[in-house]
Amino acid sequence: MNMPRKTGGWRRVLGTLALAAGLTQLPWSGWALALRPDFVLVALLFWVLHRPERIGFGWAFCLGLLADFQDGAVFGQHAIAYAVAVYGVLFLRLRLLQFAPLQQAAQMFPILLAAQLTVLLVGWLAVRPPAGLAILLPVLASTALWFLIALWLRAWHGKGMRGAE
Amino acid sequence: MAVPGQLTFARRLGPAARLAIWLTIGVACVVLDVRYQAMEGLRSGLSMLLHPVREALRAPADVATEIADFFTRHRLLLHQRDALLAERARLALTANTALDLKRENEELRALLALQTRPEQQLVRAALLYQGHDWFSQKIVLDRGAAAGLRSGLPVIDAGGLMGQISQVYPGSSEVTLVTSPGQLTPVMIERTGQRGLVAGLGHGQLELRYMPSQTDVRVGDRLVTSGIDRVYPAALPVARVTRVSRPQAGPYLRIEGLPLAEIERSRAVLVLVARPKAAQP
C-alpha cells in the first residue's frame, strides 16, 4: 500500500467526509459560491484512490444524493456524476498512484470534468438547459484542491505517495 | 477446489458492472423525482438532518460579520441614523395617509359589496443557505412549516419581490427566486397598467414576455405584481425594465429587466402569509 495502514482508519475516513460535507454547508455566496470546489467529491475520490476497499460506489451515491439536496437539484443528478467519477478513479487507480502531486492533479482534471459534465447532462435532460457554463468553474477549483491535498500528503508522509521506491 | 454450495468462480463484480448498477439506480431516482415527485420524503429527511448543521455553521459567519461591524466608523453610523430618522418621518406621514385611505377603501368596498382583501401577516426569516444556481436559483430560509409557512407564499425584501416558497420543511423552507429560469410572475407595467408575465432568465435577470410590438413600454418602467393570480398581493415591486428591443422575427418585444429586490445581498427577508379568509355567510 502507498499509505501507512493506520491513516486509513474508519474514524479518519468518516471524519474527512463529514468535514467536507460541513464545509459545503457554510453560507457561501457570490463568487465564493461560484468557485467553491466540490469538497465532498474531492474527499470521496481521495479515499477511493487510497482506500478503495472502504469507500466505493455506495458511498458515492449516498453523498451524491446529499449534494443534490443541497442545490435543490433533481435527486440522482450528483449521485450519477459521483458514481461516474468513482469509476474513473478505479479505472486509473494504479496509474494515478505513480505520479507526483502536479501530474496527479492534472490527471484528476478529466475525471472531475467528466463528473461535472454528467451533472450538466442529467440536469439538461431532466430539468432544462443550464444557465451558462459557470457550472464548469468548480472543476478548476476542485483540481487545485486536489493538488494541494496531494502536496500536503506527500509532505506529511514523506515519499508516501510514490510508494517504496 | 470446488466446494459444494459455493460458486467456482465467485468474485466481486468488476467496477464496470457496479457502475452500471448504480447508474441504473441513479436514473431511476431522477425519473422518480422528476416524473412522480416520489422523493419528497428523502428531501424532508435530509433537511432535518442538515438543519442543525447549517444553524451551527452560521455562527462563524455571524461572528465575522460582527467583528467587521464593530469596526464600522462612528461617522457612518451617525449618517445612517440621520437618514433613517428622515425616512421614518416620511414613512409616518405616508402611513397616516394610508390608514385614512384604507378606512375609506373599506367603506367604499362595503358599499359596493366587494370582497375584502385577505389580511396579510408578515413572517421574518433569514437566509440560511444558498445552493449553486446552475439549473434553478433557490435559497433556503431558516423558517418553515412550524412558523406557518406553506408552499406558494411570496417572499419579499425591502426592495421588492424576491420569489416564492417552493418547498417547506419543518424548520426551513426553500424559495425559488424570481430570476430562476422557469419561474413566472404575473405583473403589470406600473405606468400604463398593462398586464404581462415576467419569467426568470437566470444570471439575475428577468424578461417580460409576450408583449405585442406596439406596447407602450420604456426603459426604466417599473413592473409590479398585478394581483390577479391570487398568489401575490397587488403592487409588490418586481423589476425595472433595462432594455427594450424589437427582434426582426416574431411579433413580440424583447423586454429585459433587473429585479428590484437585492437578490444577491439580502439576508433578512419577509414572507407574506395570507390569513385564510373566514367563510362568508
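Before any of the text, the structure's been laid out above.
Conventions adopted
Residues numbered from 1 in each chain as written. Chains lettered and ligands numbered in written order. Predicted model: local features only at pLDDT ≥ 70, side-chain atom pairs only at ≥ 80, totals over all residues. Pairing = 2+ DSSP bridges. Helix = DSSP H or I, 4+ residues; strand = E, 2+ residues; numbered from the N terminus. Axes fitted to C-alpha atoms, helices over the stretch in contact; angles between N-to-C directions. Expected span 1.5 Å × (residues − 1).

Draft legend 1. Representation of the sheet that holds strand β11 (residues 254-259) of chain B within the structure. Residues and elements named next belong to chain B. Ordered in space as β6-β7-β8-β11-β10-β9, the six strands form a closed barrel in which the pairing is antiparallel. Taking the axes of each pair of neighbouring strands and ignoring which way they run, one obtains an average angle of 45° across the sheet. Here strand β6 (residues 184-189) pairs with strand β9 (residues 222-225) via three bridges, running antiparallel. From the neighbouring strand, Val-187 faces β9, where its bridge partner is Thr-225.

Draft legend 2. Expanded view of the sheet that holds strand β4 (residues 161-168) of chain B. Residue and element names in this part refer to chain B. The six strands lie next to each other as β1-β2-β5-β4-β3-β12, forming a closed barrel whose pairing is antiparallel. Taking the axes of each pair of neighbouring strands and ignoring which way they run, one obtains an average angle of 45° across the sheet. Across three bridges, strand β1 (residues 120-130) lies against strand β2 (residues 138-141) in antiparallel orientation. Its bridge partner being in β2, Tyr-129 is matched across the sheet by Val-140.

Draft legend 3. Just helix α3 (residues 74-112) of chain B, in detail. Over its 39 residues, α3(B) extends 55 Å from the first C-alpha to the last, a length consistent with the 57 Å expected when each residue adds 1.5 Å. At the exit of α3(B) stands Ala113(B), carrying a positive phi of roughly 60°.

Draft legend 4. Representation of unusual backbone geometry. Residues and elements named next belong to chain B. Not every positive phi belongs to a glycine, and Gln-37 is a case in point at roughly 45°. Examined against the element boundaries, Gln-37 turns out to sit in the loop between α1 (15-36) and α2 (40-70). Its identity is not glycine, yet His-203 carries a phi of approximately 50°, on the positive side. Within the secondary structure, His-203 sits in the loop between β7 (195-202) and β8 (205-209).

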